[in-house]
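In case you want the letters, here they are:
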Amino acid sequence: MKLILHVWRQKNAQDRGRMVRYEVPGVNEHMSFLEMLDVLNQGLIEKGEDPIAFDHDCREGICGMCGFMIDGKAHGGFKGTTVCQLHMRHFKDGDELYLEPWRAAAFPVVKDLVVDRSAFDRIIAAGGFISVPTGSAPDGNAIPVRKQDADLAMDAAACIGCGACVAACPNAAAALFVGAKISHLAHLPQGQAERNRRALSMVRQMNREGFANCTNIGECEAACPKQIKLEVIAQSNADYIRAAFRERPETVVSGVG
Amino acid sequence: MRGGGHMEMVSNAPTGPIEKSWETHKFGLKLVSPANKRKHNIIVVGTGLAGGSAAASLGELGYNVDCFCFQDSPRRAHSIAAQGGINAAKNYHNDGDSVYRLFYDTVKGGDFRSREANVYRLAQVSVNIIDQCVAQGVPFAREYGGLLDNRSFGGAQVSRTFYARGQTGQQLLLGAYQALERQVGLGTVKMYPRTEMLDLIVIDGRARGIVTRSLCDGKLSVHFGDAVVLATGGYGNVFYLSTNAKGSNATAIWRAYKRGALFANPCYTQIHPTCIPHSGDYQSKLTLMSESLRNDGRIWVPKKAGDKRPPASIPEHERDYYLERRYPSFGNLVPRDIASRAAKAVCDEGRGVGETGLGVYLDFSDALKRLGRHKLDERYGNLFEMYERITGENPYEVPMRIFPATHYTMGGLWVDYNLMSTVPGLFVLGEANFSDHGANRLGASALMQGLADGYFIIPYTIGNYLASTKHEKYSEDVPAAKEAVANVNIITKKLLNANGKRTVDSYHRELGKILWEYCGMSRNAAGLKKAAGMIAELREDFWRNVRVLGSNEEFNQSLEKAGRVADFFELGELMCADALHRNESCGAHFREEYQTPEGEALRDDANYSYVAAWESQGARRPASLNKEPLVFHYVKPSQRSYK
């Protein structure tokens with residue numbers, strides 16, 4: 001099949017950027033979307049044109065590095081799929097597609113479809129962890145965890161940090177990403193000691209990074225390639241409110257822990 | 001750089017009772033006092049299980065750590081893609097497991113080509129890893145009583161594998177990543193994402209820093225450290241098609257090799273038996289299906305060559321469950337090297353399935369009858385989904401098609417018991433080093449080794465080096481740093497100025513085909529010689545005719561790839577030399593000339609019971625061979641049998 005692509009080309013963060021039209025003939029239905037772009041890029045290089053930059057690494061849908069908008073939908077809008085696991089059998093001959101990078105103030109464009117998501121790392125650094133220095137752990141079976149809790153923790157921990165939730169959100173909020181980590185650790189007994197601090201620190205850092213507030217629209221859940229549920233946001237809101245009442249101010253101010 | 005001549009390799013492996021050797025060795029290691037730790041700068045390259053856990057642990061101890069990764073975030077490292085699980089000798093299931101048994105299985109699984117003391121230590125600290133990860137909040141699978149669940153995995157007769165659905169690597173990596181980010185927040189670790197190490201700075205024979213390139217703007221920087229830790233993963237992408245992430249590369253270890261670190265056993269490359277078969281020339285990578293699937297799936301091909309009927313129309317008596325037939329006691333659970341070769345053998349006989357004839361069936365219909373859909377979903381749901389997404393076929397209805405693919409590399413930079421390379425101050429962890437797995441790695445052992453190295457070994461051994469060495473401060477004007485930067489600039493200019501006709505990918509693909517054909521699942525002397533010649537020719541052509549557009553001073557993915565592929569060419573040649581020199585079959589290294597009448601690997605312990613560590617002699621001369629003899633005091637080498 002043959003596709004028409006309109007791709008966002010932007011040389012660097014300073015460049016204004018624009019859409020450029022490409023024709024991609026010879027697309028095979030077994031190709032992944034990224035393999036289709038590989039083929040396009042090989043052709044561009046042969047013609048002496050700058051290939052399209054896009055982030056990708058594992059191509060198995062687990063590293064979270066790939067992702068862009070296809071026709072305004074994060075990862076293409078197919079259920080539970082990253083763009084590297086999206087195969088061309090979902091498209092048909094003559095389709096015209098618009099590819100754009102994640103759009104969010106907190107995710108500045110690096111080049112073409114590549115954005116800077118280091119804001120997510122800083123949110124984790126602010127509190128998305130359990131403080132347990134190497135070597136200080138008790139036996140793994142010392143603290144039983146209810147299977148249901150372990151499963152709920154795992155559901156939330158499946159987040160790959162790709163940023164699709166932010167890109168899909170009309171507010172460019174990071175509530176699903178932050179909620180996933182808060183929910184993961186809140187479901188485990190090991191996560192209780194820092195539960196309040198974690199919610200306060202992570203939410204504060206999220207606000208500092210320029211992510212807007214969640215207004216419960218739910219686009220994030222629909223776009224999430226790992227199908228993280230909206231309920232993690234409810235969980236993190238509940239934790240945040242509870243923490244705001246219970247945690248003493250000096251602990252809040254002391255920040256990173 | 002140093003001249004020729006054979007170099008002294010001292011393994012520093014302790015002698016005496018193996019049960020006590022790590023304990024005794026640790027006590028003998030020098031300590032850095034808490035007040036002095038912050039005066040030491042340590043460079044960690046790579047943020048997978050080994051690098052991430054090392055950087056976090058060293059930061060916790062109070063060292064100043066500079067940590068580098070080429071991805072946009074340390075959480076992307078390829079450890080994240082490991083599916084099946086992590087081994088630990090906990091014996092939670094009362095089924096006869098022990099540290100000694102894990103040690104024994106690993107030495108045997110590695111076909112008696114690993115260092116006993118290292119493997120014993122690995123088995124010992126395996127139990128601490130699970131404790132550490134549970135405490136970090138890794139959501140391991142649990143039983144209804146709230147305790148940790150285990151399963152048996154790839155070639156083990158006990159249930160010692162801990163897992164988190166089919167995403168164990170992801171969850172362990174996120175645990176290490178969160179510990180790392182905590183240290184970033186506390187200011188002990190400075191993280192440099194989208195930054196690639198391009199050279200090692202060696203001053204007075206010691207590793208003292210690295211040269212890096214920012215992948216965003218091409219800026220070269222010099223970073224000094226009192227020690228350099230490489231945890232940059234394996235070199236499976238030398239084959240182009242592999243289960244590795246697209247960015248995984250050998251550049252950091254290869255450039256360290258060119259600065260004097262020895263490269264051990266490069267020909268030990270593991271081919272994983274259960275991957276989705278490849279479908280066309282555009283294929284960019286191969287996808288692994290966890291070998292945990294072999295616990296319940298049955299592997300078969302038609303008995304008749306050229307039988308193209310759909311699987312459902314092939315009656316039971318015309319199917320060959322060849323693993324169950326050849327290896328009745330291990331059946332579908334034989335180790336990876338054996339399962340892969342058996343698949344190749346039936347395909348070579350013309351009994352392969354699928355369009356290309358390069359595939360075998362992995363059939364869940366019996367398991368479906370025995371366990372029911374719900375149980376299978378719980379065990380393998382995400383894997384079945386992934387398979388269907390890629391192939392468009394539902395494994396509940398049609399048997400999966402699988403074929404072996406390059407997955408892991410046992411070879412890597414040579415290290416002593418302290419994980420230090422032959423360049424003092426240069427430590428190498430995880431898949432990037434050669435230790436522990438011998439000629440073949442058992443399933444669920446890679447995660448174990450990465451975390452053992454990072455959490456529980458390097459924090460002790462690096463202190464000994466730092467405490468027993470005098471460290472001067474250098475400026476960027478030091479000749480070794482200037483020379484390393486100039487070296488990187490020369491390579492970049494050469495790549496950009498070649499201005500030829502062929503893309504980097506097309507060269508990489510061709511190199512991969514040569515290696516897969518002649519230095520893959522089985523090898524022979526004539527093929528290896530031929531491959532070495534073909535690679536040398538292709539390499540020459542590459543430097544003349546490669547086309548890399550754009551400039552150094554921008555985000556330039558072609559340029560990144562070109563540098564990595566240039567290194568793969570040289571590494572590929574060394575792999576062939578190593579495979580050619582090793583006139584025996586062992587583990588994943590199968591030389592057709594050396595096999596038993598039943599077609600199993602035939603070792604030659606009298607002549608090849610050693611680690612082959614290659615020493616660079618510069619671009620114009622072949623690498624020279626150094627040998628570390630392997631001595632087995634506990635597990636006596638025998639013919640591996642899984643029958």
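Residues numbered from 1 in each chain as written. Chains lettered and ligands numbered in written order. Predicted model: local features only at pLDDT ≥ 70, side-chain atom pairs only at ≥ 80, totals over all residues.

1. Here we look at the overall build of chain B
Formally: A run of H or I in DSSP becomes a helix once it reaches four residues, and a run of E becomes a strand once it reaches two; helices and strands are each numbered from the N terminus. We compute the radius of gyration from the C-alpha atoms alone; for a globule the expected value is 2.2 Å times N to the 0.38, where N is the number of residues. Buried means a residue has 20 or more other C-beta atoms within 10 Å of its own C-beta, exposed means 12 or fewer, and partly exposed covers the counts in between; C-beta atoms are placed from the backbone. Here contacts are defined at the residue level, using C-beta atoms placed from the backbone and a cut-off of 7 Å between them.
Of regular secondary structure, chain B possesses 16 helices and 19 strands. The C-alpha atoms of chain B give a radius of gyration of 24 Å, which matches the 26 Å a tight globule of 643 residues would have. Considering only C-alpha atoms, chain B reaches an extent of 75 × 60 × 50 Å along its principal axes. Looking at chain B residue by residue over its 643 residues, the buried ones come to 60%. A separation threshold of at least 6 residues defines the contact pool for chain B, and within that pool the share at least 24 residues apart is 74%.

2. A closer look at the nonpolar core
Applied cut-off: For this analysis, nonpolar core means a set of buried Ala, Val, Leu, Ile, Met, Phe, Trp, Tyr and Cys residues linked through C-beta atoms within 7 Å.
In terms of nonpolar packing, the biggest core is built from 286 residues, with Val-166 of chain A together with Val-229, Leu-230, Leu-413 and Leu-426 of chain B touching the most fellow members. Once you skip the residues sitting within four places of it in the chain, Leu-230 of chain B turns out to touch Val-45, Gly-46, Ala-252, Ile-253, Ala-256, Leu-426, Val-428 and Ala-432 of chain B.

3. Considering the sheet that holds strand β7 (residues 206-214) of chain B
All names here are of chain B. So the rule is basically this: Only when DSSP finds a minimum of two bridges between them are two strands counted as paired. In this analysis, axes come from line fits to C-alpha atoms, helices being fitted only over the stretch in contact, and the angle between any two N-to-C directions falls in the range 0 to 180 degrees.
Here we have three strands laid out as an open sheet, ordered β6-β7-β8, and antiparallel in their pairing. Each having just a single partner strand, β6 (195-203) and β8 (220-224) make up the two edges of the open sheet. Each strand of the sheet is rotated relative to its neighbour by a mean of 25°, with strand direction disregarded.

4. Quick notes on the packing of helix α3 (residues 147-157) of chain A against helix α5 (residues 175-186) of chain A
All names here are of chain A. Applied cut-off: We call two directions roughly parallel when the angle between them is under 35 degrees, roughly antiparallel when it is over 145, roughly perpendicular when it lies between 65 and 115, and oblique otherwise. Crossing chirality is assigned from the near helix's rotation relative to the far helix, an anticlockwise turn below a right angle marking it left-handed and a clockwise turn marking it right-handed. Residue polarity follows a fixed list, in which Ala, Val, Leu, Ile, Met, Phe, Trp, Tyr, Cys and Pro are nonpolar, Asp, Glu, Lys and Arg are charged, and the others, Gly among them, are polar.
At a minimum axis distance of 8 Å, the contact between α3 and α5 shows a crossing angle of 155°. Overall, the two elements α3 and α5 adopt an arrangement that is roughly antiparallel. In the packing of α3 onto α5, the handedness of the crossing is left-handed. Between α3, through Ala-153, Ala-156 and Ala-157, and α5, the contact on the second element is made entirely by Ala-180, Ser-183 and His-184. Classifying every residue of the contact of α3 with α5 by side-chain character gives four nonpolar, two polar and no charged.

5. Section: the domain arrangement of chain A
All names here are of chain A. So the rule is basically this: Residue ranges assigned to the domains are those given by an automatic or database domain assignment.
As far as domains go, chain A holds domain 1 (3-111) and domain 2 (117-254). The C-alpha centroid of domain 2 is placed 30 Å from the C-alpha centroid of domain 1. Taken together, the contact pairs 17 residues of domain 1 with 17 residues of domain 2. Across the side of domain 1 that touches domain 2, the residue classes tally to nine nonpolar, seven polar and one charged.

6. So, the pairing of β8 of chain B
All names here are of chain B. Taken together, the five bridges between β7 and β8 define a ladder with antiparallel strand orientation. Following the sheet pairing, Arg-213 is matched in β8 by Leu-220. The hairpin turn running from β7 into β8, its antiparallel successor, is five residues long, and Gly-218 in that turn takes a positive phi close to 75°.

7. A closer look at helix α8 (residues 231-246) of chain A
Residues separated by three or four positions in an α-helix point in the same direction, a consequence of the helix having 3.6 residues per turn. Residue and element names in this part refer to chain A. Using the following cut-off: Between the first and last residue of a helix there are one fewer steps than residues, each counted as 1.5 Å, and that sum is the expected span. The directions from the helix axis to the C-beta atoms form the arc being described.
For α8, built from 16 residues, the straight-helix expectation of 22 Å at 1.5 Å per residue is met to within 8% by its first-to-last C-alpha distance of 22 Å. All buried positions along α8 are accounted for by Val-232, Ile-233, Gln-235, Ser-236, Asp-239 and Ala-243. Viewed end-on, α8 has its buried residues packed into an arc of 155°, placing them on one side of the element. Opposite its buried face, α8 presents the exposed residues Ile-241 and Phe-245, each directed more than 90 degrees away.

8. A look at the confidence of the model for chain B
Predicted coordinates in regions of low pLDDT should not be interpreted in detail. Residues and elements named next belong to chain B. Note the cut-off: Per residue, pLDDT measures the predictor's confidence, with a range of 0 to 100.
For chain B, per-residue confidence averages 95 on the pLDDT scale, and residues scoring 70 or more make up 98% of the total. Confidence drops under pLDDT 50 across residues 1-5; counting only partners more than four residues distant or on other chains, this segment forms six contacts. For this predicted complex, the interface confidence reaches an ipTM of 0.97, while the overall pTM sits at 0.96.

9. Brief notes about the environment of Asp-155 of chain A
All names here are of chain A. Its place among the elements puts Asp-155 in helix α3. You can call Asp-155 buried: it has 21 C-beta atoms within 10 Å. Sequence-wise, Asp-155 and Ile-228 are 73 residues apart; in three dimensions their C-alpha atoms are separated by 6.8 Å.

10. A word on the interface of chain A and chain B
If you look at the interface, chain A gives 67 residues, while chain B gives 64 residues. Those elements that provide at least two residues to the side of chain A that touches chain B are α1 (33-46), β6 (109-111), α2 (118-127), α3 and α5 of chain A. The element contributing the most residues to the side of chain A that touches chain B is α1 of chain A, with seven residues.

11. Considering the domain arrangement of chain B
Residues and elements named next belong to chain B. Domain annotation of chain B identifies domain 1 (272-406) and domain 2 (479-607). Between the C-alpha centres of domain 1 and domain 2 there is a distance of 30 Å. Each partner contributes residues to the interface: domain 1 has five residues there, and domain 2 has five residues. When residues of the side of domain 1 that touches domain 2 are assigned to their parent elements, the largest contribution, four residues, is made by helix α9 (residues 336-348). Its residues placed into classes, the side of domain 1 that touches domain 2 shows one nonpolar, one polar and three charged.

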